[in-house]
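An overview of the molecular structure
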Amino acid sequence: MVPGLDRSRRKSAANGAGPSRVVRHDVREEIERRILSGESKPGERLSQQSLARELGVAQGTVRESLMELQWLGLVESTDRLGVFVDKLDVNRICEAYLVREVMEGLAARLASQNAGRADIAELRKLADRIYELAQSDNAETASLDRKFHMGITELTRNSTLMRLAKTYRALGMTVRAFREPEVIHSEHLRIIEAIEHGFAEEAERQARNHVVGARQMIELRVQQGLFVPTWVK
């Protein structure tokens, strides 16, 4: 049994969640973790039988989890050959950033209607911590950046948008945008300021510009032959 998976099961059981849904969620999370951490390499075949045996679950649970990950674009299924860790494609990444631009913009617009002082303080704390860690290229930076953007999405109180954001969270895990920490920090602070003052249109504009900046940097590095996409935890 994988220790992390076992702990997650016990935690979910203690919270009263249904076992079937919880187990599938945990299995998907564990396979996703392996892909995003580089433990499972692009092009690697994922054996349902081996995963089921290793994780201590039924093959059907693994199959359902892999189907969800295929929809996210993390794995691909090939007829008669099996399921493989998907290879990152630059065009698909840029397409994903176009979608993310719209979602992040909407999230910031809606968050500006609901954010309180404590929410703003937490967002600023995260933005400052991201900047601090980025100085040394700390691996935790990407995780905190996703937490920052997910925090804004949660402030929308829009259950549909939150579900979509969680579904598409892999979009924020695929690449490093190679932008200066000072630039990213400044953009984060502008988003927070607009949300704090309830400037919905400005919040949306700043959030969209933030994502556009990342996409344009990726496109520039592609043109320069410097971009090699890798999963980022």
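Let us look at the structure shown here. (Residues numbered from 1 in each chain as written. Predicted model: local features only at pLDDT ≥ 70, side-chain atom pairs only at ≥ 80, totals over all residues. Heavy atoms only, no water.)

**A word on the overall build of the chain**
Heads up, the condition is: Strands are runs of DSSP state E lasting at least two residues, helices are runs of H or I lasting at least four, and both sets are numbered from the N terminus onward. Burial classes: relative accessible area under 20% of the type maximum marks a residue as buried, over 50% as exposed, and values in between as partly exposed (1.4 Å probe, protein chains only). The contact criterion used is simple: two residues touch if any of their non-hydrogen atoms lie within 4.5 Å. For every accessible area listed, the method is Shrake-Rupley and the probe measures 1.4 Å; residues are considered covered only by the protein chains on display.
The secondary structure content of the chain amounts to 10 helices and three strands. Per-residue burial for the chain yields a buried fraction of 43% across its 233 residues. Sequence-distant contacts, at least 24 apart, represent 72% of the contacts inside the chain between residues at least 6 apart. Accessible surface, the chain: about 12,800 Å² in total, of which carbon and sulfur atoms supply 49%.

**Structural notes on helix 9 (residues 181–196)**
For clarity, the cut-off: Helix span, expected: 1.5 Å multiplied by one less than the number of residues in the helix.
When the terminal C-alpha atoms of helix 9 are compared, their 22 Å separation across 16 residues agrees well with the 22 Å that a helix rising 1.5 Å per residue should span. Listed in full, the buried residues belonging to helix 9 are Pro181, His185, Glu187, His188, Ile191, Ile192, Ala194 and Ile195. Next to the buried residues of helix 9 lie helix 5 (90–111), helix 6 (117–134), helix 7 (140–154) and helix 10 (200–223). In the stretch just after helix 9, Gly198 is the one whose phi turns positive, near 75°.

**Here's the deal with empty space enclosed by the protein**
Put simply, the rule reads: Here a cavity denotes grid points, spaced 1 Å and computed from the protein atoms alone, that fit a 1.4 Å probe unable to get out, and a pocket denotes an open set having protein on both sides within 12 Å along at least 5 of 7 lines; residues with an atom within 4 Å of a point are the lining. Grid points are joined across faces, edges and corners, and a volume is the space filled by probe spheres set on the points. Note on residue categories: nonpolar means Ala, Val, Leu, Ile, Met, Phe, Trp, Tyr, Cys or Pro, charged means Asp, Glu, Lys or Arg, and polar means any other residue, Gly included.
Under the defined criterion, the tally for this structure stands at one cavity of 30 Å³ or more. The volume enclosed by the largest cavity comes to roughly 40 Å³. Along the walls of the largest cavity sit Glu104, Ala108, His149, Ile152, Ile191, Ala207 and His210, which together make up its complete lining. For the lining of the largest cavity, the elements supplying multiple residues, two or more each, are helix 5, helix 7 and helix 10. Tallied by class, the residues present in the lining of the largest cavity amount to four nonpolar, two polar and one charged.

**Some remarks on the nonpolar core**
So the rule is basically this: Take the buried Ala, Val, Leu, Ile, Met, Phe, Trp, Tyr and Cys residues and link them wherever side-chain atoms come within 4.5 Å; each set so joined is a nonpolar core.
Ranked by internal contacts, the top residues of the largest apolar core, which has 24 residues, are Ala108, Leu123, Phe148, Ile152, Ile192 and Ile195. The set of elements that each furnish at least two residues to this core consists of helix 5, helix 6, helix 7, helix 8 (159–167), helix 9 and helix 10. If one sorts the elements of this core by residue count, helix 6 sits on top with six residues. Among the nonpolar cores identified, the runner-up in size contains 17 residues, and Val23, Leu46, Leu51 and Ala52 belong to it.

**Quick look at the sheet that holds strand 1 (residues 45–46)**
The condition that has to hold: Strands are labelled as partners when DSSP assigns at least two bridges between them. Here an angle of 0 to 180 degrees is reported between the N-to-C directions of two axes, which are lines fitted to C-alpha atoms, with helices fitted over the stretch in contact.
The antiparallel open sheet is built from three strands, whose spatial order is 1-3-2. The sheet is open, and its two borders are formed by strand 1 and strand 2 (75–78), each paired with just one other strand. Sheet topology note: the strand 2/strand 3 (residues 82–85) ladder contains four bridges and is antiparallel. Bridging across to strand 3, Thr78 finds its partner in Gly82. Along the sheet, helix 4 (residues 59–72) makes contact with strand 1, strand 2 and strand 3, crossing strand 2 at roughly 110°.

**A few points about the pairing of strand 3**
The sheet contact formed by strand 1 and strand 3 spans two bridges and is antiparallel. Residue pairing in the sheet places Leu46 in a bridge with Val83 of strand 3. Counting the residues in the hairpin turn of strand 2 and strand 3 gives three residues, including Arg80, whose phi is positive at 70°.

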